[in-house]
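Listed below are the residues making up each chain.
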Amino acid sequence: MTTSAMTDKLDSTETFGQPAFDRLLEKRIDPTWLTAKRKQAWEVFQSIDWPNPRDENWMRSELRGLRLSKFAPNIDESVEIPEGTPVRLLEGVDVSASLRSVNGVVVSESLDEGLAGQGVVVGSLSRCARDHSALVERYLHSLICPKSDRFAALQAAMWSDGYFVYVPRNVRVEKPIHLHAAMGDGQVDLSHTLIVLESGAEATVLFESSSPDVTSKGLHCGGVELIQHGNSHLRYVNLQDWGKGCWHFAHQRASVGRDSQLQWTVAAMGAKFAQVDQRVELIEPGARSQVNGVMFTQDRQHLVYNTLQHHKAPHCTSDFLYKSVLQDRSRTVWRGMIKVSEGAQKTDGYQRNDNLMLSDAARADSIPGLEINADDVRCTHGSTSGRVDEELIFYAQSRGFTRSEAIRMIVTGFFQQIFDRITIQTVREALGAAIARQVRQYE
Amino acid sequence: MKEPTTMPPFHYVCPRDQIRPNEPQTFEIDDRFVVLVEIDQVVHCIEDMCTHDGGTLGDGQLDGACLVCPRHGAKFDVRTGKAVCMPATEDTPSHTVKIDAGKIYVALNN
């Protein structure tokens, strides 16, 4: 099959064509600036090709099975709430605000009255684009360029709804904010997350996505923008637990200002295929970011993460740690880059990717990289990949554990380094439970 | 106790006369991609995946009974899936082909 034949199948205009876009504009009640932005993104979508399989970011991705014609954007916003979509991060958590979306459209919103009085905004992105127009206009798609690739352009043009969190200057949101995206079997989620922390603000945001059933199908094409001004502190947790029949495409960006701190925890468990482009930009001196990633795959799951930690200013620190456990014939690709701009002296950048294979047929591609244009920096990176040590299993079995218990214990220990870095206890417990559920019964 | 092993089901792929000698063709079966090749009047089927870098083999050229990966030159024997040339060191899965009434059926192994 030639490349053109592959993209012919992908490039369906039946459901994501001009008529669908025109109907979307007709149905929506958007401010004029937003309609103009959508039109610009749509022009980009129409003018560029789908990602080239020879492109470095896409050459380890398998898009041939994606048929866009099987999916349709949720234009009418008629939402049937799917039953049984699990919510894992809420257990034992007292939240200050919560948003829930179904198929990319927010269906419920709540916010502590005291916080609302302090100017905190947590709500549907569509609604906030009207009610807080100037704010949303300033920040929406300020980090994600629709020209990044055709998925980004599609999402920028046709995003259905999403989550807007705004914390004003010097306001500290003590309790976590919970966001939950549910997607029904065979449905589409084109949502967008926009979080803005003004100077001195602090917040914890727990985001999770799930499907009604482990085998559920669907298409998620989303965007995440985290914007932090000086001296702000954001803890952002993202648990991706889509059904194993879902396609998951996401552009995730963060911009961290002077003396600000970002702790970003990613847990990728679900989706049949995922392609995530994650970038953190440290734009002013003293900015610090820590990204903790957990991937646990099984069957024929294929997860691709392209990460970039971009030091644009001096005296910044970035620390990326990704750990993957792979079962069956699953595959992960992690391609990490530390980029240091000219003049970003005294940079301290670290990246590491560890992979633990639980089967002979699993495959992990780990490609760390450095691009340094300053001469007084410390940048280190590393990667390890290997099987479970049989001696460890033998030792555990000699102490009375079964082989299955031994493997579960070793997997938990493998992830412990990440758990130790997560400061929120309930998140640690939820991730631990999610991981324990994934471990197969081994003979 | 181990469950009894069951034979994977056969999937209809295409009419027999669609596969021509020494011309690899790619098909999608049950969310997986495979390459069908006719060598010496026998149709063979292997996974459309180079075990070196996980890329596709379908655009590759035939060298005797071997399919050559178009990116780095690894070779796989289409009759067995065996990797016969570096940089691939692991075999790619080989699938069972059945021809019945002029139609090709494939059962996906492992």
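Up top is the structure these notes are about.
Residues numbered from 1 in each chain as written. Chains lettered and ligands numbered in written order. Predicted model: local features only at pLDDT ≥ 70, side-chain atom pairs only at ≥ 80, totals over all residues. Heavy atoms only, no water.

A. Examining the sheet that holds strand β7 (residues 75-77) of chain B more closely. Residues and elements named next belong to chain B. Taken together, four strands build an open sheet; the order of strands is β5-β6-β7-β8 and the sheet is antiparallel. Here the strands that pair on one side only, and so sit at the sheet edges, are β5 (61-63) and β8 (83-85). The sheet shows a mean angle of 35° between the axes of neighbouring strands, taken without regard to direction. Bridge count for β5 against strand β6 (residues 66-68) is three bridges, and the pairing is antiparallel. Among the inter-strand pairings, Leu62 is bridged to a residue of β6, identified as Leu67. (Pairing = 2+ DSSP bridges. Helix = DSSP H or I, 4+ residues; strand = E, 2+ residues; numbered from the N terminus. Axes fitted to C-alpha atoms, helices over the stretch in contact; angles between N-to-C directions.)

B. The arrangement of the interface of chain B and chain A in detail. Contacts between the two partners involve 15 residues from chain B and, on the opposite side, eleven residues from chain A. Buried surface at the junction of chain B and chain A, summed over both partners, amounts to about 1,300 Å²; 37% is from carbon and sulfur atoms. Summed over the shared surface of chain B and chain A, the number is four salt bridges. For Asp31(B), the salt bridge identified is with Lys272(A), shortest N-O distance 3.3 Å. For the pair chain B and chain A, the number of links is seven residue pairs in polar contact (both at pLDDT 80 or more). For the side of chain B that touches chain A, the secondary structure elements donating two or more residues are β2 (25-29) and β3 (32-39) of chain B. (Contact = heavy atoms within 4.5 Å. Buried area = accessible area lost by both parts, 1.4 Å probe. Salt bridge = Lys/Arg side-chain N within 4 Å of Asp/Glu carboxyl O. Polar contact = N/O pair within 3.5 Å; in protein donor to acceptor, adjacent residues only side chain to side chain.)

C. Structural view of the nonpolar core. Of all hydrophobic cores here, the largest spans 49 residues; its most connected members are Leu226(A), Leu234(A), Tyr236(A), Trp264(A) and Val280(A). Apart from the residues lying within four places of it in its own chain, the contact partners of Leu234(A) are Ile195(A), Leu197(A), Ala203(A), Val205(A), Leu226(A), Gln228(A), Gln261(A), Leu262(A) and Gln263(A). (Core = buried A, V, L, I, M, F, W, Y, C linked by side-chain atoms within 4.5 Å. Buried < 20%, exposed > 50% of the residue type's maximum accessible area, 1.4 Å probe, protein only.)

D. Molecular detail of the sheet that holds strand β4 (residues 42-47) of chain B. Residues and elements named next belong to chain B. With respect to topology, six strands assemble into an open sheet ordered β1-β10-β9-β4-β3-β2, the strand pairing being antiparallel. Single-partner strands in this sheet number two, and they are β1 (10-15) and β2. Geometrically, the sheet is characterised by an average inter-axis angle of 35° between neighbouring strands, direction not taken into account. Here β1 pairs with strand β10 (residues 103-107) via five bridges, running antiparallel. Bridge pairing in β10 places Cys14 opposite Ile104.

E. Representation of the pairing of strand β17 (residues 331-340) of chain A in the model. Residues and elements named next belong to chain A. The element β17 is largely enclosed, with a buried count of seven among its ten residues. In this structure, strand β15 (residues 302-311) lies alongside β17, joined through ten bridges in parallel fashion. By the bridge assignment for β17, Leu303 is matched with Thr332. Looking at chain direction, β17 and strand β19 (residues 363-372) are connected through ten bridges and run parallel. Residue pairing for β19: Trp334 is matched across the bridge by Ser366.

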